[in-house]
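Take a look at the letters that make up each chain.
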Amino acid sequence: MEQGGERMSGSLHDVKNEVWMKTVVIAVGLLFTGLLAYGVLAGGVGSIKHSEWEDAHHELENSEMAWNVANESGTIAEQNAAGKVWEDAHHVDVDAHLSYLTWSTAGKTIMVMFIVYAAFYGVAGFFNSIQSEEEHYEGDDHEEHHGSASPILMAGGILLFMMGFPGFVTTCKAWLGLDYEPNMTGFMLSSIGTIILIMGIGNWWREDMKGYPEQVATSAPFKGQDIRKAGMWIFLISETMVFATFFSSYIRMRTGWCTQWAVDAGRCDVVDTTTASDLLRHDVMTLLPGAINTFALIISSYTIVLALKTAKNVNWKKSENALMARLFPSRKKAVRNYLLITIALGSLFIVLKLVEWSHLIAEGFTIDSQAGSIFFVATGAHGLHVFIGLLIMLFMVFKADTVGYDEKNGRGIEYFGLYWHFVDLAWVAIFPAFYLY
Amino acid sequence: MGEHKYTGPIAGTFQKMADLIGKDVYFVNFLILMFLTLFEVAAVFFTQIPFTEIDITRGAVWGVLIIIGVIKGYGIAAFFMHLKGDPFIYTRTALFPVLFVALMIWGIGLSNPDGIDSLPAWCTPNWDYSYVTE
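Since we're looking at a predicted model, the values are computed, not measured. Once a new chain begins, its residue numbering starts again from 1 and follows that chain's sequence as written. Chain labels run from A onward and ligand labels from 1 onward, assigned in the order the entries are written. Where local features are concerned, this predicted model is filtered to residues with pLDDT of at least 70; where side-chain atom pairs are given and counted, the filter is 80 or more; whole-chain, interface and lining totals use all residues.

Undergrad: Would you take a moment to explain the overall build of chain A for this structure?
TA: Along chain A, the regular secondary structure elements total 13 helices and three strands. Put simply, chain A has 437 residues, and 40% of those count as buried. Partitioning the intrachain contacts of chain A with sequence separation of at least 6 by distance along the chain shows that 78% fall at a separation of at least 24. Strands are runs of DSSP state E lasting at least two residues, helices are runs of H or I lasting at least four, and both sets are numbered from the N terminus onward. For every residue, the other C-beta atoms within 10 Å of its own C-beta are counted; 20 or more classify it as buried, 12 or fewer as exposed, and values in between as partly exposed. C-beta atoms are placed from the backbone. We call two residues in contact when their backbone-placed C-beta atoms lie within 7 Å.

Undergrad: Can you help me understand the overall build of chain B in this one?
TA: Of regular secondary structure, chain B possesses six helices and zero strands. Secondary structure of chain B in N-to-C order comes out as α-α-α-α-α-α. Across the 134 residues that make up chain B, the buried fraction comes to 21%.

Undergrad: Can you walk me through the nonpolar core in this structure?
TA: In these notes, a nonpolar core means any group of buried Ala, Val, Leu, Ile, Met, Phe, Trp, Tyr and Cys residues linked to one another through C-beta atoms within 7 Å. The biggest cluster of nonpolar side chains holds 120 residues, and the ones touching the most others in it are Ile110, Ala307 and Leu394 of chain A. With 19 residues, the single largest contributor to this core is helix H2 (residues 76-129) of chain A.

Undergrad: Got a minute to help me understand the domain arrangement of chain A in this structure?
TA: The parts lose accessible area when they come together, and the size of an interface is often stated as this lost area. Residues and elements named next belong to chain A. Per the domain assignment, the segments of chain A are domain 1 (17-135), domain 2 (148-215) and domain 3 (226-437). Placing the centre of domain 1 and that of domain 3 at their C-alpha centroids yields a distance of 23 Å. At the junction of the two partners, domain 1 supplies 14 residues and domain 3 supplies 12 residues. Sorting elements by how many residues they give to the side of domain 1 that touches domain 3 places H2 first, with 12 residues. Delimitation of the domains relies on an automatic or database domain assignment.

Undergrad: Whenever I open this one, the packing of helix H1 (residues 17-73) of chain A against H2 of chain A confuses me. Can you help?
TA: Axes are the key here: two packed helices are described by the angle between their axes and the distance separating the axes. All names here are of chain A. Note on geometry: axes are lines fitted to C-alpha atoms, helical ones only across the stretch in contact, with angles between N-to-C directions running from 0 to 180 degrees. Where H1 meets H2, the closest approach of the two axes is 7 Å, and the angle between their N-to-C directions is 165°. It follows from the interaxial angle that H1 and H2 lie roughly antiparallel. As H1 runs across H2, the sense of the crossing is left-handed. When grouped by side-chain class, the residues that make up the contact of H1 with H2 number 36 nonpolar, 21 polar and seven charged. Here is the rule for angles: anything less than 35 degrees is roughly parallel, anything more than 145 is roughly antiparallel, 65 through 115 is roughly perpendicular, and the remaining ranges are oblique. Crossings are classed by handedness, with left-handed meaning an anticlockwise turn of the near helix from the far one by less than a right angle and right-handed meaning a clockwise turn. Classes in brief: Ala, Val, Leu, Ile, Met, Phe, Trp, Tyr, Cys and Pro nonpolar; Asp, Glu, Lys and Arg charged; the others, Gly included, polar.

Undergrad: I would appreciate a short explanation of the packing of H2 of chain A against helix H5 (residues 184-210) of chain A in the present structure.
TA: Residue and element names in this part refer to chain A. Following both chains from N to C, one finds H2 and H5 inclined at 65°, their axes separated by 8 Å at the closest point. Crossing angle aside, the handedness with which H2 passes H5 is right-handed. Facing H2, whose interface residues are Ala119, Phe120, Val123, Ala124, Phe127 and Asn128, H5 presents Ile198, Met199, Ile201, Gly202, Trp205 and Arg206. Here the residues of the contact of H2 with H5 are counted per class, giving nine nonpolar, two polar and one charged.

Undergrad: Teacher, can you tell me more about the interface of chain B and chain A here?
TA: At the interface, 34 residues of chain B touch 38 residues of chain A. Counting only elements with at least two residues in the side of chain B that touches chain A, the list comes to helix H2 (25-45), helix H3 (58-80) and helix H4 (88-111) of chain B. Looking at which element gives the most residues to the side of chain B that touches chain A, the answer is H4 of chain B, with 11 residues. A breakdown of the residues in the side of chain B that touches chain A according to their chemical character gives 24 nonpolar, seven polar and three charged.

Undergrad: I tried to follow unusual backbone geometry on my own but got confused; where do I start?
TA: Peptide bonds are mostly trans, and most non-glycine residues show a negative phi. Going from Ala220 of chain A to Pro221 of chain A, the amide bond is cis rather than trans, its omega being 5°. With respect to the helices and strands, Pro221 of chain A occurs in the loop between strand S3 (213-215) and helix H6 (227-254). For Phe51 of chain B, which is not glycine, the phi dihedral falls at a positive 65°. Within the fold, Phe51 of chain B resides in the loop between H2 and H3. Not every positive phi belongs to a glycine, and His82 of chain B is a case in point at roughly 60°. For His82 of chain B, the location among the structural elements is in the loop between H3 and H4.

Undergrad: Could you clarify how one ought to interpret H1 of chain A in this entry?
TA: Given 3.6 residues per helical turn, the α-helix brings residues three or four places apart onto the same face. Along its 57 residues, H1 of chain A runs 81 Å from first to last C-alpha, staying within 8% of the 84 Å computed at 1.5 Å per residue. The largest bend along H1 of chain A measures about 40° and falls at Gly46 of chain A. Helix span, expected: 1.5 Å multiplied by one less than the number of residues in the helix. Two axes are fitted around each residue, one to the seven residues ending there and one to the seven starting there, and the angle between them is reported as the bend at that residue.

Undergrad: Explanation requested: the confidence of the model for chain B in the structure shown.
TA: Predicted coordinates in areas of low pLDDT are best not read in detail. Confidence scores labelled pLDDT are given residue by residue by the predictor and lie between 0 and 100. Confidence in the prediction for chain B averages 83 pLDDT; 81% of positions are at 70 or higher. The ipTM, which scores confidence in the relative placement of chains, is 0.86 for this predicted complex, and the corresponding pTM is 0.89.

Undergrad: Got a minute to help me understand the confidence of the model for chain A in this structure?
TA: For chain A, mean pLDDT is 88; residues scoring 70 or higher make up 94% of the total. Taking the mean pLDDT of every element in chain A, the minimum, 44, falls on strand S1 (residues 2-3) of chain A and the maximum, 95, on helix H11 (residues 331-362) of chain A.

Undergrad: When you look at the environment of Thr105 of chain A in this model, what are you seeing that I'm missing?
TA: All names here are of chain A. With respect to the secondary-structure elements, Thr105 resides in helix H2. Between the C-alpha atom of Thr105 and that of Tyr435, which follows or precedes it by 330 residues, the distance is 20 Å. Not counting residues up to four positions away in its chain, the partners in contact with Thr105 are Leu354, Val355 and Ser358.

Shown next as structure tokens:
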């Protein structure tokens, strides 16, 4: 159905306040799940691992004392034996520390992620649920699309958030008992910015749930194409440039460093810089989080394709396989569940990323060095993109569960898919460059 | 996102593989991406080609990583991002930043510590380095 420069992106929907209130219930569930994950992983298993680490550290201290004694008064054989015992104890201590960090970081990351998910669902959903019913639906299926003020609201929120962010951080540090003076002005500015940002997101969410005519470009070079799709590609150009700057700084610095790789390749003699890949690629276990993340992103790219295919498939039939039929009982639920699987894989990516970071930091690879700075900024920016994608997908899951996606409004999944595949594409470059090379 | 048949040397091969196993191109692309990821991880771990005594040099690994990265990038952009089936304007849009990336790489080359005396002649036509090297 095309009218001049517009075609319909699905019919308009009436989403009642009680439907929006579901988000508040889901938010409470997410909050509870996050706290439970923290309790089990960081509080439960993490505590056990911490006591194991303490025991291992105690053993290390004892073996160090024994080695010192052997060095002062023992024979060469005794010194060597004590040295061997210390080395073994050191390995056990490092392994115990990393094991503790794995569980503790995983628990904390899941909790923080779920709190953000809950805030996103709860605040944005609640904001929409208190609108008057007329606000949700004007009853005109041929409503003209006027554009949205929500991005401007969101940009204003981000502005305030960033202005107050330094104060927000120092205030949080002060509250955590660290030696900082709280900056309440910055904290309040950042908090107000966050609320405005979430309100903007909520408003945009409501507008999209209702459905609207798809605007079509009327002039070259995108004539006849959906404006949203063209806009998404232009946005992806800017994203390419963002990641290109990370790569250019990395390549520029890397060509000047004498790394283990350069020594192995015979380009220089003495290692002067340790890169993240030096710490990660030497062993299967250290490379495993990065490798699993690569597979997770590829699988998630495929599940988003399946969600789109299912939404657009008017002849969709339930699988004859019992498990698949249970997982994907109807077309509407199949789309929702594919999106949920994508969220689960993206969340796994974030958890493993932070676990891996905690290990690198524990081994002394911090943001203080040039190599660390470039690594953490590049992989962190990528992780942030994944996390923003997850927040968008939370909205899409809600839409898939309520209004539903079909052949008319499936474009939303397609355009989000472009972003998600781009994030996958960026990882295709980051993984070999920062983890394998 | 159409269900049309892909043609051409690379996309056509993907299509033939999909027809062979009775699945769509997206599934074949997914399998190839998974396999290539395994291959690039294996390339870093092995110092010799398995069952031979041929050493895998760092240069060879570097080449493998670049080639696999390009193939994986093509698979994602062409099929998952539908550039292969969409109007060509989207491919042109996607390739637009390549110009800037090429300029960046050129800049990296010029500002490289070895750039003063190791760049090829075509890159430094008649430049006088005497003020730097003296």
